[in-house]
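Residue-level listing of the chains:
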Amino acid sequence: MRRFQPPSEQPAEPDDGFTKQELLDVSGLSSKTFDLIRKAARIKGPGHGGLDWMFSLDDLKALVHRAESGSFTERGDPAARAWRALLEERGVKLDRRK
């Protein structure tokens, strides 16, 4: 995008999802760890930084499941609990994967 050029897309409404910054704040994860989990869950994200990037409810569900599994259980479990709480605030209930 050129300087002073308006963005081509309208920003997402707050109820449409969560920003990367919101997810980082509640999870306590570093941006690097968040991006490792996001990439393992095969979710698109910002190229660099992008703290205002919006993640949908479906994206967050996939992040929760990935954070609770595999090599992310140590760092990801507290984040998954925090993200589950965000989903429950929106009325979305997830079953815990075994």
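Caption draft 1: Local environment of the overall build of the protein. Helix and strand content of the protein: four helices and two strands. The helix and strand sequence of the protein, counted from the amino end, reads β-α-α-β-α-α. Here the protein, with 98 residues, has 36% of them falling under the buried criterion. In the protein, the proportion of contacts linking residues at least 24 apart, taken out of those at least 6 apart, comes to 61%. Accessible surface for the protein amounts to roughly 6900 Å². Of this, 48% is attributable to carbon and sulfur atoms.

Caption draft 2: Quick look at the pattern of salt bridges. Using the criterion set out here, one finds six salt bridges in the structure. Residues Arg81 and Asp77 are paired through a salt bridge, measuring 2.7 Å at the closest nitrogen-oxygen approach. In this pair, Arg81 and Asp77 are both assigned in helix H4 (residues 73-89), four residues apart and thus about one turn of the helix distant. Residue Arg81 is classed as partly exposed on the basis of its relative accessible area of 48%. Salt bridges linked by common partners bring Lys20, Asp35 and Arg38 together as one network.

Caption draft 3: Layout of the packing of helix H1 (residues 20-27) against H4. At a closest axis distance of 8 Å, the pairing of H1 and H4 adopts a crossing angle of 120 degrees. In terms of orientation, H1 and H4 fall into the oblique class. As for the relative orientation of H1 and H4, their crossing is right-handed in sense. Seen from H1, the contacting residues are Leu23, Val26 and Ser27; seen from H4, they are Ala79, Ala82, Trp83 and Leu86. Looking at the contact of H1 with H4, its residues break down into six nonpolar, one polar and no charged.

Caption draft 4: Here's a closer look at unusual backbone geometry. In the Ramachandran plot, Arg42 falls in the positive-phi region, its phi being about 60 degrees despite a non-glycine side chain. Along the chain, Arg42 turns up in the loop between helix H2 (31-40) and strand S2 (54-55). With relative accessibility at 79%, the residue Arg42 sits in the exposed group.

What counts as what
- Residues numbered from 1 in each chain as written.
- Predicted model: local features only at pLDDT ≥ 70, side-chain atom pairs only at ≥ 80, totals over all residues.
- Heavy atoms only, no water.
- Helix = DSSP H or I, 4+ residues; strand = E, 2+ residues; numbered from the N terminus.
- Buried < 20%, exposed > 50% of the residue type's maximum accessible area, 1.4 Å probe, protein only.
- Contact = heavy atoms within 4.5 Å.
- Areas by Shrake-Rupley, 256 points an atom, 1.4 Å probe, with all protein chains shown as cover.
- Salt bridge = Lys/Arg side-chain N within 4 Å of Asp/Glu carboxyl O.
- Axes fitted to C-alpha atoms, helices over the stretch in contact; angles between N-to-C directions.
- Parallel < 35°, antiparallel > 145°, perpendicular 65-115°, else oblique.
- Left-handed = near helix turned anticlockwise from the far one by under 90°.
- Nonpolar A, V, L, I, M, F, W, Y, C, P; charged D, E, K, R; others polar.

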